[in-house]
Amino acid sequence: MTPKPDSPGLLRRLAALFYDTLVLVAVLFVATLLILPFHDGQAFRPNHGLYSGYLSMVGFAYFGWFWTHGGQTLGMRAWKIRVCTTSGDSVSWGQAAIRFICGLLSFACFGLGYIWILFDSRRRAWHDLASRSKIVWQGRPLSEKTAMT
């Protein structure tokens, strides 16, 4: 039986992202309900700048909090993966911000940032590289080879 690679592949990471998207949609609905009274109960116009910014901040708060507190969102927990620094520590809020922004850009570029995982020898996406972080298997100790890289 061959051992698992140190980093999960593209499909597992996309599955975790899909789960997180479902949870995030629910969180964004609640976040919208909280501010509707301040907008006279009226719907927000499409591309409303402040509203879009608010939802972006809520999205960052969701991912950032989970990444900096244990390294796992709910989707990552379900798929048994976590994010950490290249040395295995928890990511900082700064790294989480870079990871979040670059993750959006990775997706906006027709998913090329994620597809990069298929070509990188250590299965890193663009946002992993930019934030100096990586995705690892949950509860699996770092091998000596990956701890040094």
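Above this note sits the structure.
Summary of the structure given here.

**Topic: the overall build of the protein**
Logical step 1: Helix and strand counts for the protein stand at seven helices and two strands.
Logical step 2: For the protein, the succession of helices and strands along the chain, N to C, is α-α-α-β-α-α-α-β-α.
Logical step 3: Within the protein, contacts between residues at least 6 apart in sequence are counted, and of these 69% link residues at least 24 apart.
Logical step 4: Total accessible area on the protein stands at roughly 9300 Å², and carbon and sulfur atoms take up 69% of it.

**Some thoughts on unusual backbone geometry**
Logical step 1: Phi is positive for lysine 80, which is not a glycine, with a value near 60°.
Logical step 2: In this structure, lysine 80 sits in the loop between helix 3 (74-78) and strand 1 (81-85).
Logical step 3: The exposed category is assigned to lysine 80, whose relative accessible area is 51%.

**Re helix 2 (residues 49-68)**
Logical step 1: Between its first and last C-alpha atoms helix 2 spans 28 Å; for 20 residues at 1.5 Å apiece the expected length is 28 Å, and the two agree.
Logical step 2: Tucked into the core, helix 2 has its buried residues touching helix 1 (10-35), helix 3, strand 1 and helix 4 (93-108).

**As for a nonpolar patch on the surface**
Logical step 1: A cluster of nonpolar residues, Phe110, Leu112, Ile115, Trp116, Leu118, Phe119, Trp126 and Leu129, forms a patch on the protein surface that exposes about 880 Å² of accessible area.
Logical step 2: Taken together, the elements giving at least two residues each to the nonpolar patch come down to helix 5 (112-115) and helix 6 (126-131).
Logical step 3: Relative to the assigned elements, leucine 112 resides in helix 5.
Logical step 4: Accessibility expressed as a relative area gives 43% for leucine 112, which makes it partly exposed.

Reading guide: rules and limits
Residues numbered from 1 in each chain as written. Predicted model: local features only at pLDDT ≥ 70, side-chain atom pairs only at ≥ 80, totals over all residues. Heavy atoms only, no water. Helix = DSSP H or I, 4+ residues; strand = E, 2+ residues; numbered from the N terminus. Contact = heavy atoms within 4.5 Å. Areas by Shrake-Rupley, 256 points an atom, 1.4 Å probe, with all protein chains shown as cover. Buried < 20%, exposed > 50% of the residue type's maximum accessible area, 1.4 Å probe, protein only. Expected span 1.5 Å × (residues − 1). Patch = residues over 30% accessible without salt bridge, like charges linked within 9 Å, V, L, I, M, F, W, Y side chains within 5 Å. Salt bridge = Lys/Arg side-chain N within 4 Å of Asp/Glu carboxyl O.

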